[in-house]
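This is what each chain is made of:
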Amino acid sequence: MKKNHLFLLLSLFFSFAYSQKNNRFVDSIRIQHNIPEVAYAVVSADSILEISALGNKRIGTDLKADLSDKFRLGSITKTVTSYIAAVLVKEGKINWDTKFFDLYPELKAKSNADIDFTLKDFITFRAHIPTWSYGNETPTQKEIKGNDQQQRYEFMAWFFKQNKIISEKQEVYWSNPSYVAAGLMLEKAAGKSYETLVKELGRNLNIDFGFGQPNVMDVNQPWGHNENLKPEKPALNYKLNWLSSAGNINVSLPDYCKFTQLHLQGLLGKSKVFSASEFDMMHNGLPEFSFGWYSETDKKTNLNYSFHYGNPGTFLTKVYICKASNRAFIIFANVQSEEADKGLMLILDELKRKYNG
């Protein structure tokens, strides 16, 4: 019994030491690049190989980083939206070739005639529509009425009325409203709000998904910071609600690890929901951007990565998945600046070098 107890203690010690082995390097980058808090993890399909949170939740305070801290995902939200879409397609509640106006015919006459795209077009950024984000001045809050779900409907009605399709041929048409439109289609197909769909997915995966700034619900959660390191005070942002399915989810690092592992397992053929080929289609089925995921080949190692990143104003997030090595890398920060982004890329490169060679 004593030997077993000693073995357990030694195992726990070495496991802890291993999981913290890059802390010193990561923290040095955090300090050099003016990042209040950074949280990072390296996972395989069935294990967390390294995970840590370093720094402070808000600059100028003694609120120390913690693994329970939540971060705004920004555009990494699209990896969640696209997965929900795939599930609903699998369940037969909607098809990839379902068109927006099939579900919202009352908006067709009020919209530009050329706008007639499918769920697949929106999810894969193949809909020829212009860009729009929270920095745009119009429409104003006075123009968009109703509850959260109704506001998203009114926003897309406004957007399709104001905009024509992009005539210039492009491989990909980067546009947040594509994911807003997709979110509306999922709401209509499921008969549930986008927030409910996300929460239901979270319950199935034991993940606590939230929305908006983490410090709105709890001031002791991380505060976002702008490029001047000014903390963002707790506040509801109506424009981010309009963009909920494009970039408004918040979640802790351990919980997003679970979602990332779900994808690694699926790519390796270990999912009970989708086949390996279906997961490969999600991640690599189209050039540059597929169903919620970018893809690229690392020139140094020749390894293929599917990835996404978020920059919602005062946070930065990155997730990189490598099927060939059964590794994924996730990095969150509570600041958005060019300097911070360079720091996160240095951390990512070091972790990839140590774990993937």
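Going by the structure above, here's the rest.
What you are looking at is a predicted structure, and each value in this text was computed from that prediction instead of being measured.

Each helix and strand in the chain was counted, giving 14 helices and nine strands. In summary, the chain has a C-alpha radius of gyration of 21 Å against a globular reference of 21 Å for 357 residues, a match within 12%. Principal-axis analysis of the C-alpha atoms places the extent of the chain at approximately 75 × 45 × 40 Å. For the chain, the residues scored as buried account for 53% of the 357 residues in total. Intrachain contacts of the chain at a sequence separation of at least 6 include 67% that bridge at least 24 residues. Split by element, the accessible area of the chain, about 16,600 Å² in all, is 51% carbon and sulfur. A gap of 4 Å separates the mean positions of the 43 positive and 38 negative side-chain charges of the chain.

Going through the model one piece at a time under the given rule, you end up with 16 salt bridges. The partner of Arg30 in a salt bridge is Asp27, with the nearest N and O atoms 2.6 Å apart. Note that Arg30 and Asp27 are positioned in helix 2 (residues 23-32) at a spacing of three residues, about one turn of the helix. Looking at Asp27, the relative accessible area reads 24%, which means it is partly exposed. Of the charged contacts, one joins Asp341 and Lys318 as a salt bridge, the two residues approaching to 2.8 Å between their closest N and O atoms. With Asp341 in helix 14 (residues 338-356) and Lys318 in strand 8 (residues 316-322), this pair connects stretches of sequence that are 23 residues apart. Looking at Asp341, the relative accessible area reads 28%, which means it is partly exposed. What emerges from the salt-bridge pattern is a single network uniting Lys70, Lys199 and Asp208.

For the rest of this paragraph, the subject is the pairing of strand 6 (residues 294-297). Summarising the sheet, strand 6 and strand 7 (residues 304-310) pair through four bridges and their orientation is antiparallel. Bridging across to strand 7, Thr297 finds its partner in Asn304. The turn linking strand 6 back onto strand 7 is made up of six residues, and Asn302 within it adopts a positive phi angle of 65 degrees.

This part is about the packing of helix 6 (residues 148-162) against helix 7 (residues 176-190). Any two packed helices are characterised by the angle at which their axes cross and by the distance between the axes. Between helix 6 and helix 7, the shortest axis-to-axis distance is 10 Å and the interhelical angle comes to 130 degrees. By the angle class used here, helix 6 and helix 7 are oblique. When the axes of helix 6 and helix 7 are compared, the crossing they make is left-handed. On the side of helix 6, the interface is formed by Gln149, Arg152, Tyr153, Phe155, Met156, Phe159 and Phe160, while helix 7 contributes Pro177, Val180, Ala181, Leu184 and Glu187. Considering only residue class, the contact of helix 6 with helix 7 consists of nine nonpolar, one polar and two charged.

The calculated volume of the largest pocket comes to roughly 520 Å³. Forming the boundary of the largest pocket are 28 residues, of which Phe211, Gly212, Gln213, Leu236 and Asn248 lie nearest the centre. If you list the elements that add at least two residues to the lining of the largest pocket, you get helix 6, helix 8 (194-205), strand 4 (210-211), helix 9 (214-217) and helix 10 (238-242). Its residues assigned to classes, the lining of the largest pocket comprises 10 nonpolar, 12 polar and six charged.

So, on to the packing of helix 3 (residues 77-90) against helix 12 (residues 253-267). Between helix 3 and helix 12, the least distance of the axes is 12 Å, while the angle of their chain directions is 50 degrees. Regarding the angle of helix 3 to helix 12, the classification is oblique. Crossing hand, helix 3 versus helix 12: left-handed. Of the residues in helix 12, those in contact with Thr79, Val80 and Tyr83 of helix 3 are Tyr256, Phe259, Leu262 and His263. The residue makeup of the contact of helix 3 with helix 12, split by class, is five nonpolar, two polar and no charged.

Rules used in this analysis
- Residues numbered from 1 in each chain as written.
- Predicted model: local features only at pLDDT ≥ 70, side-chain atom pairs only at ≥ 80, totals over all residues.
- Heavy atoms only, no water.
- Helix = DSSP H or I, 4+ residues; strand = E, 2+ residues; numbered from the N terminus.
- Rg over C-alpha atoms; globule rule 2.2 N^0.38 Å.
- Buried < 20%, exposed > 50% of the residue type's maximum accessible area, 1.4 Å probe, protein only.
- Contact = heavy atoms within 4.5 Å.
- Areas by Shrake-Rupley, 256 points an atom, 1.4 Å probe, with all protein chains shown as cover.
- Lys, Arg positive; Asp, Glu negative; His and termini not counted.
- Charge placed at Lys NZ, Arg CZ, Asp CG, Glu CD.
- Salt bridge = Lys/Arg side-chain N within 4 Å of Asp/Glu carboxyl O.
- Pairing = 2+ DSSP bridges.
- Axes fitted to C-alpha atoms, helices over the stretch in contact; angles between N-to-C directions.
- Parallel < 35°, antiparallel > 145°, perpendicular 65-115°, else oblique.
- Left-handed = near helix turned anticlockwise from the far one by under 90°.
- Nonpolar A, V, L, I, M, F, W, Y, C, P; charged D, E, K, R; others polar.
- 1 Å grid on protein atoms, 1.4 Å probe; cavity = no way out; pocket = protein on both sides within 12 Å on 5 of 7 lines; lining within 4 Å.
- Points joined across faces, edges and corners; volume = space filled by probe spheres on them.

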